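# A look at the structure
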Amino acid sequence: MDEWDLENADPSQQVGARHHTVPAFYLRRFANSQNQLWVRDRRSSVPGLRKESDLAIRDFYTFQNIHGEPDGRMEQVLQKVEGSAASALRRVTSAVTWGRPISPKDKTDLCVFVAFQYVRGLRKRREIELMSDFYVRIMQLNAPVGAGRREAGAYRDILRDFRTLEVTSHPNEHVSLMGKLAEPLSEHLLNRPLTVIELTDGALLTCDEPIVTFAAKEDKPDPVIPQARRRTRRRRRRGQRKIRQTRTLIQVQSTRNRGLARVDEIVMPVGRRTLLVFSHPAAPRPSHLRITPEESHEAADEVNKRMLAQAYFMAFAHPDDRHLLADPLPEVGPLYRLGGVHPEQARIAGVAPSHLRPELFGRR
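Now for a look at the structure at hand.

A few words on the sheet that holds strand 7 (residues 194–199). Picture the strands of a sheet paired through backbone hydrogen bonds; they go either parallel or antiparallel. If you trace the five strands from one edge of the open sheet to the other, you get 9-13-14-7-15, paired in mixed fashion. Both edges of this open sheet fall to strand 9 (212–214) and strand 15 (288–291), since each of them pairs with a single strand only. Direction aside, neighbouring strands of the sheet carry axes that sit 30° apart on average. The sheet contact formed by strand 9 and strand 13 (residues 265–271) spans three bridges and is antiparallel.

The next thing to look at is the pairing of strand 12 (residues 251–254). The side-chain alternation of strand 12 yields one buried face, formed by Gln251 and Gln253, and one unburied face, formed by Val252 and Ser254. Relative to strand 17 (residues 336–339), strand 12 runs antiparallel, the two sharing four bridges. In the sheet register, glutamine 253 faces strand 17, and the bridge partner there is arginine 337.

What follows covers the packing of aromatic side chains. Inspection of every chain in the model, using the stated rule, returns four aromatic pairs. The interplanar angle of 50° and the centroid separation of 5.5 Å between the aromatic rings of phenylalanine 25 and phenylalanine 113 together place this pair among those described as tilted. One end of the pair, phenylalanine 25, is in helix 1 (residues 24–28); the other, phenylalanine 113, is in helix 3 (residues 104–119), and 88 residues separate them in sequence. The class of phenylalanine 113 is buried, set by a relative accessible area of 1%. Arranged with centres 5.2 Å apart and planes meeting at 75°, the rings of tyrosine 312 and phenylalanine 313 form a pair that is edge-to-face. Take tyrosine 312 and phenylalanine 313: they sit in the same class, and that class is buried.

This brings us to the pattern of salt bridges. Across all of its chains, the model carries 14 salt bridges by this definition. Of the charged contacts in the structure, one is a salt bridge between arginine 43 and aspartate 41, with a shortest N-O distance of 3.0 Å. Looking at arginine 43, the relative accessible area reads 48%, which means it is partly exposed. Linked through salt bridges whose partners overlap, the residues forming this network are Arg123, Lys124 and Glu127.

Counting residues in hydrophobic clusters, the biggest one holds 61 residues, and the most contacted among them are Tyr26, Leu37, Met74, Phe113 and Phe316. Element by element, the count of residues in this core is highest for helix 2 (residues 73–93), at nine residues. In contact with tyrosine 26, other than residues within four places in its own chain, are Phe113, Thr206, Pro210, Met268, Pro269 and Val270. Grouped together as the second largest cluster of nonpolar side chains are 22 residues, Leu205, Val277, Ala315 and Leu324 included.

In space, the four strands of this open sheet follow the order 3-2-16-8, with antiparallel pairing throughout. A single partner strand is all that each edge strand has here, and the edge strands are strand 3 (48–51) and strand 8 (206–207). Pairing of strand 8 with strand 16 (residues 314–317), which is carried by two bridges, proceeds in the antiparallel orientation. Paired with threonine 206 across the bridge in strand 16 is phenylalanine 316.

Before going further, it helps to spend a moment on the side chain of serine 296. Examined against the element boundaries, serine 296 turns out to sit in helix 7 (residues 293–310). Judged by its relative accessible area of 0%, serine 296 falls in the buried class. A polar contact of 2.9 Å, which involves the side chain of serine 296, links it to the backbone nitrogen of threonine 200. Excluding residues that lie within four positions of it along the chain, serine 296 makes contacts with Leu199, Thr200, Asp201 and Ile291.

Conventions adopted
- Residues numbered from 1 in each chain as written.
- Predicted model: local features only at pLDDT ≥ 70, side-chain atom pairs only at ≥ 80, totals over all residues.
- Heavy atoms only, no water.
- Pairing = 2+ DSSP bridges.
- Helix = DSSP H or I, 4+ residues; strand = E, 2+ residues; numbered from the N terminus.
- Axes fitted to C-alpha atoms, helices over the stretch in contact; angles between N-to-C directions.
- Buried < 20%, exposed > 50% of the residue type's maximum accessible area, 1.4 Å probe, protein only.
- Phe/Tyr/Trp six-rings, centres within 6.5 Å; stacked < 30°, edge-to-face > 60°.
- Salt bridge = Lys/Arg side-chain N within 4 Å of Asp/Glu carboxyl O.
- Core = buried A, V, L, I, M, F, W, Y, C linked by side-chain atoms within 4.5 Å.
- Contact = heavy atoms within 4.5 Å.
- Polar contact = N/O pair within 3.5 Å; in protein donor to acceptor, adjacent residues only side chain to side chain.

See below:
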């Protein structure tokens with residue numbers, strides 16, 4: 001990113017523009033010649049045709065800089081990432097270069113793109129907002145130790161308030177974390193073999209969370225640890241009693257998947273019949289693979305099922321593949337789970353968000 005000279009870039013560029021959380025070039029790989037996609041949006045009861053240019057959100061990546069001004073440089077960063085990835089995708093999926101080893105630069109560009117895509121969407125922003133809310137709760141909802149009736153009553157009042165109130169972080173929180181989250185993810189992806197798989201039959205769909213994972217073991221969430229007991233020990237030291245307490249261990253688990261480092265394959269559809277597959281680091285895999293029609297149908301069914309299960313707001317398919325989006329999208333469940341916390345905190349985290357749409361710059 002250093003050669004992009006972001007420090008001297010114009011911060012006013014892309015402010016007020018419509019930003020794609022799923023890149024336009026990527027959506028066009030599933031669109032017809034008029035750049036139309038068949039879209040299933042959970043905010044609408046019926047699917048329909050939409051142009052890729054309409055599938056954007058104004059100022060989604062605009063942030064407030066240290067001068068208090070709206071700043072569009074994160075969208076400029078993403079445009080650079082998308083431009084490099086689009087060129088790399090054209091090369092690695094071209095019939096002319098099919099079967100040739102993927103160059104280190106192309107693999108790096110694709111890894112950076114996939115890493116940013118994993119952390120840039122509406123779900124990730126909503127997760128960060130809910131984690132901010134959780135942080136306030138854990139700072140405020142610690143049960144008073146040795147408190148009297150008045151303090152215990154005040155604590156119960158706080159619990160009642162937090163059943164109806166929610167603390168929401170500024171969009172800056174998400175934007176500021178994107179690069180920090182994407183960098184280690186891209187390094188992890190670079191350590192995995194990358195294979196471009198071409199399906200000879202069937203069709204793939206995609207969604208606004210277009211990265212799915214597969215593990216050899218059944219994909220169940222880890223058990224949540226119980227709340228740690230608070231143990232105290234008193235010592236007399238120079239005539240005073242000193243209280244020592246154990247620290248509480250808190251576990252935070254995303255419900256999206258088991259984590260990229262723990263799965264066997266990381267898969268992203270990049271066309272109606274094309275998949276990017278990042279295999280286990282120890283698995284020998286070719287750079288390109290064309291599979292049989294029977295295998296293609298099996299792979300498409302499995303990937304499409306995972307895509308629909310994790311779609312946040314929308315799923316997309318080519319207009320000729322409308323049958324893939326015949327049913328409504330599954331309901332969105334809890335975005336994360338908590339262990340080792342007060343039961344009230346675990347209860348609130350264990351339900352679906354009261355609303356799915358995250359905070360947007362200058363509005364909700």
